[in-house]
Amino acid sequence: MLRAHRILLLVAGVFCLLSAAARGNLIVNGVNTSRQSYFFGAKDASDILCYSKTLLKGSVMPQDVTYTNPAAGKNINFITLAADKYSSHGFTVDIASGKIGTTTVTLRLNGKSILPYSIQIKYYCSEVGRFSIGRRKTSRRKTMFALKLVMLCALGTAGAWALSYVVSQEQSFFFGRKPTDNLLCYTKTIGKGSGLPVSISYTNPNNKNINFVTMNADKYSSSGYTVDKTEGQIGSPSIAYRLNGPSVLSYAIIINMYCAP
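Small disclaimer: the values here were computed from a predicted structure and weren't measured.

Describing the pattern of salt bridges
Any two side chains of opposite charge can pair, given that their charged atoms come close.
Okay, so step 1: According to the stated counting rule, one finds two salt bridges in the structure shown.
Okay, so step 2: Note that E170 is salt-bridged to R35, the shortest N-O span being 2.8 Å. Here R35 lies in the loop between α1 (2–28) and β1 (37–41) and E170 lies in the loop between α3 (137–158) and β8 (172–176), a separation of 135 residues in the sequence.
Okay, so step 3: The exposure class of R35 is partly exposed, given its relative accessible area of 33%.
Okay, so step 4: In this structure, R108 engages D64 in a salt bridge whose closest nitrogen and oxygen atoms are separated by 3.0 Å. In this pair, R108 is assigned in strand β6 (residues 104–111) and D64 in strand β3 (residues 63–68), connecting sequence segments 44 residues apart.
Okay, so step 5: The exposure class of R108 is partly exposed, given its relative accessible area of 40%.

Things to note about the packing of aromatic side chains
Okay, so step 1: In the structure shown here, the tally under the stated rule is 19 aromatic pairs.
Okay, so step 2: Ring centres 5.7 Å apart and planes at 65° place the aromatic pair Y67 and Y123 in the edge-to-face group. With a gap of 56 residues between them, Y67 in strand β3 and Y123 in strand β7 (residues 119–125) connect regions that are remote in the sequence.
Okay, so step 3: The buried category is assigned to Y67, whose relative accessible area is 12%.
Okay, so step 4: Ring plane angle 40° and centroid distance 5.8 Å describe the contact between Y86 and F212, whose orientation is recorded as tilted. Note that Y86 is positioned in the loop between β4 (76–83) and β5 (91–98) and F212 in strand β11 (residues 210–217), a separation of 126 residues in sequence.
Okay, so step 5: The class of F212 is buried, set by a relative accessible area of 1%.

Some details on the pairing of β6
Okay, so step 1: Of all eight residues that make up β6, six are buried, and the element is covered over most of its length.
Okay, so step 2: As judged from the six bridges shared by β3 and β6, these two strands associate in the antiparallel manner. For D64, the partnering residue across the bridge sits in β6 and is R108.
Okay, so step 3: Bridge analysis of β5 against β6 gives seven bridges, and the strand direction is antiparallel. By the bridge assignment, F91 is partnered in β6 with G111.
Okay, so step 4: The hairpin formed by β5 and β6 contains five residues between the paired strands, and G101 there has a positive phi angle of roughly 95°.

Observations concerning the layout of surface pockets
Okay, so step 1: Size it by volume and the second largest pocket reaches roughly 570 Å³.
Okay, so step 2: Looking at the second largest pocket, it is lined by 27 residues, and the ones nearest its centre are S37, A82, A83, D84 and A217.
Okay, so step 3: With four residues, the top contributor of residues to the lining of the second largest pocket is β4.
Okay, so step 4: Of the residues in the lining of the second largest pocket, the class split is 11 nonpolar, 11 polar and five charged.
Okay, so step 5: Looking at which domains feed residues into the lining of the second largest pocket, each of domain 1 (37–126) and domain 2 (172–259) supplies at least three.

Rules behind the numbers
Residues numbered from 1 in each chain as written. Predicted model: local features only at pLDDT ≥ 70, side-chain atom pairs only at ≥ 80, totals over all residues. Heavy atoms only, no water. Salt bridge = Lys/Arg side-chain N within 4 Å of Asp/Glu carboxyl O. Helix = DSSP H or I, 4+ residues; strand = E, 2+ residues; numbered from the N terminus. Buried < 20%, exposed > 50% of the residue type's maximum accessible area, 1.4 Å probe, protein only. Phe/Tyr/Trp six-rings, centres within 6.5 Å; stacked < 30°, edge-to-face > 60°. Pairing = 2+ DSSP bridges. 1 Å grid on protein atoms, 1.4 Å probe; cavity = no way out; pocket = protein on both sides within 12 Å on 5 of 7 lines; lining within 4 Å. Points joined across faces, edges and corners; volume = space filled by probe spheres on them. Nonpolar A, V, L, I, M, F, W, Y, C, P; charged D, E, K, R; others polar. Domains from an automatic or database assignment.

Below, the structure written as structure tokens:
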């Protein structure tokens, strides 16, 4: 009886160890990133939303997302993926099959096994198929000429102020890593309609180090922005950044800095 009891305890111990190992693998999935938004390709002004999917909070990762446009010649030109809220656990994305500029693209997403937020995925496709484009070639040339003329006039009026010389679709940035005990020590919102470029700086009055900085747009736009560090560094009490993008910002940018307690 005693021997059977010992065997039972041994089996239970092995089972617990295997369960713990399985849980560890379930949580990690081999992903180590804080990135929570991705963009593939470039969105033409005439491209339209042709497919949308949301991976809900609690979904099991990894996941594959596939879309094939049923309309011949209407290629997938632009794809966006974005988490619906901030988390220190990011996710990765790879194009598993197909490619931008074709009618089929499969994405493979990986991250924390039980997704702690939702991920919204959007595909944008050509509005006009390649055969229709061929038939309208002459009229399109005329239209493009007129558009170029309008743009030249606009440039002559607005000058360099209207451009800011930025080509980017990025709308979220993360710098450093956030220890669990760090606290929000600075926040700033660059409001919609603000003029870029703009500089922001922060010095902690208590000489506490800034360990993590996030910058996120409050809504999607095809016009992203860039960020350059101009002074200081992560892990010091003072830091400054320069943001550049559309001269008249079509969304708000929320900046948060986290410091040592």
